[in-house]
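Chain residues, written in single-letter form:
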Amino acid sequence: MSDSRILTTLCYIEKEEQYLMMHRVSKKEDANAGKWIGVGGHFQPAESPDECLLREVWEETGLLLTSYRLRGIITFVSDEWGYEYMFLYTADGYEGSDHETDLSRCNEGVLKWIPKDKILDLNLWEGDRVFLKLLLENAGFFTLKLVYRGEELIEKELKV
C-alpha cells in the first residue's frame, strides 16, 4: 500500500432538487474513471479546505460559490491509492451560468444536473452511496472512514 496522504474537497452543488454531478470520462489515468462524483479536487500548498473548495469549483465549473456548508470529513483507505482525507461540502448558492452547455468546458469529465431521486441509480463508488444517502437525508455533520480493497468497500465506520 502506498503511504501517500492526500487532502481533497468534494462538493455537491444543489439546484431545484438536483445535484451537479461529474461523469469521470475524460482522463486516461483516473482512479474515478467511469464513476459519477461531485466537483472538487486536491489542495494546493497552504490552502484551507474552503479555499480549495472555492478554487476547484471555479476551475471545474466556472461557478463562484456564495453559499456552502461543510457536511462531513471522509477518510479513505485504499490498498491501491493510499490515504485520502476529504472535506465534503454542499452548496446552494453561486454566481455564474449553470446551464450544461456553459459547464461543458470542464476537462475532468462531463457535468450534468441529476435529480436527487436518481443519484443513487448512477455508477457510484460504494462508499459514496453511504455519504450521499446522508446528504440526501439532510443528516447533520458526520465523519466517515471507508476502507477499500481494490474497488470493493470492505469496511465503513460512521459517526454522526
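Residues numbered from 1 in each chain as written. Predicted model: local features only at pLDDT ≥ 70, side-chain atom pairs only at ≥ 80, totals over all residues. Heavy atoms only, no water.

## So, the overall build of the chain
What counts is decided by this rule: Secondary structure counts use DSSP, requiring at least four H or I residues in a row for a helix and at least two E residues in a row for a strand, with both numbered from the N terminus. With the radius of gyration taken over C-alpha atoms, the globule rule is written as 2.2 Å times the number of residues to the power 0.38. Relative accessibility decides the category of a residue: with a 1.4 Å probe and only protein chains considered, values under 20% of the type maximum give buried, values over 50% give exposed, and everything between is partly exposed. Whether two residues touch is decided by their heavy atoms; if any such pair falls within 4.5 Å, the residues are in contact.
In terms of regular secondary structure, the chain is built from two helices and nine strands. Element order for the chain, N to C, with α for helix and β for strand: β-β-β-β-α-β-β-β-α-β-β. Relative to its length of 160 residues, the chain is compact, with a C-alpha radius of gyration of 15 Å against a globular reference of 15 Å. Projecting the C-alpha coordinates of the chain onto the three principal axes gives extents of approximately 40 × 35 × 30 Å. Buried residues in the chain amount to 48% of all 160 residues. The long-range fraction of contacts in the chain, counting pairs at least 24 apart against all pairs at least 6 apart in sequence, stands at 65%.

## Side note on the packing of aromatic side chains
Inclusion rule: Each Phe, Tyr or Trp ring, with Trp reduced to its six-membered ring, pairs with another whose centre is within 6.5 Å; inter-plane angles below 30 degrees give stacked pairs, above 60 give edge-to-face pairs, and intermediate values give tilted ones.
Counted by the stated rule, this structure contains six aromatic pairs. Plain terms: the ring middles of Tyr 12 and Phe 131 are 6.4 Å apart, the flat faces sit at 55° to each other, and that makes the pair tilted. Of the two residues, Tyr 12 is situated in strand S1 (residues 5–15) and Phe 131 in helix H2 (residues 126–136); the sequence distance between them amounts to 119 residues. In this pair, the class of Tyr 12 matches that of Phe 131, namely buried. Ring centres of Tyr 68 and Tyr 89 lie 6.0 Å apart, and the angle between their planes is 65°; this geometry places the pair in the edge-to-face category. One end of the pair, Tyr 68, is in strand S5 (residues 64–78); the other, Tyr 89, is in strand S6 (residues 82–95), and 21 residues separate them in sequence. Every member of this aromatic cluster is reached through a ring pair, and the members are Tyr 12, Tyr 19 and Phe 131.

## A short note on the environment of Tyr 85
Positionally, Tyr 85 belongs in strand S6. Residue classification places Tyr 85 among the partly exposed residues on the basis of a relative accessible area of 31%. Linking Tyr 85 and Leu 153, residues 68 residues apart in sequence, is a C-alpha distance of 16 Å. In contact with Tyr 85, not counting residues within four places along its chain, are Arg 5, Ile 6, Leu 7, Thr 8, Ile 74 and Thr 75.

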